[in-house]
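# Working through the structure, step by step
Each chain, letter by letter, is given below.
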Amino acid sequence: MKTLLTLFTAALFVCSAGLASARDINREEAAKLRTAGIIQSTEQLEAAALATHPGATITDSELDEEYGKHVYQVDLRDAQGIEWDVEVDATNGTILKDHQDK
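Now for a description of the structure that goes with this document.

Rules and cut-offs
- Residues numbered from 1 in each chain as written.
- Predicted model: local features only at pLDDT ≥ 70, side-chain atom pairs only at ≥ 80, totals over all residues.
- Heavy atoms only, no water.
- Buried < 20%, exposed > 50% of the residue type's maximum accessible area, 1.4 Å probe, protein only.
- Helix = DSSP H or I, 4+ residues; strand = E, 2+ residues; numbered from the N terminus.
- Arc of directions from axis to C-beta.
- Contact = heavy atoms within 4.5 Å.
- Lys, Arg positive; Asp, Glu negative; His and termini not counted.
- Salt bridge = Lys/Arg side-chain N within 4 Å of Asp/Glu carboxyl O.

So, on to helix α3 (residues 42-51). Looking only at α3, the buried set comprises L45, A48 and A49. The buried residues of α3 occupy one face: seen down the axis, they fall within an arc of 95°. Structural note: α3 exposes E43 and A51 on the side pointing more than 90 degrees away from its buried face. If you follow the buried residues of α3, they end up packed against β3 (69-77), β4 (83-89) and β5 (95-100).

Time to look at the side chain of E87. Within the element layout of this structure, E87 appears in strand β4. Summary of buried charges: E87 has no salt-bridge partner, and the nearest side chain of opposite charge, K97, is 4.3 Å away. Setting aside its immediate chain neighbours within four residues, E87 contacts E66, V71, Y72, Q73, T94, I95, L96 and K97.

Right under this line is the structure:
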């Protein structure tokens, strides 16, 4: 019984740690970060994401903080209708992830 309780507690801890690792940043906070020079402009970040798939269009985007890092997440749809998830480091415009949405 103690083993089961220990496993349950460990699983709960792991799940809650995953939830606490990312948070959405609202527009007001994002504007403050841009003004302070901490993150790049939305236009620069979107241009970096669009450069990965020329001719694609943005369907959604949001700024998150993940593990202390500002990440701009962009959903794209390319000319063939394929959807892509692109994550851009909001501080320098580097592409962190680029994978096809399933």
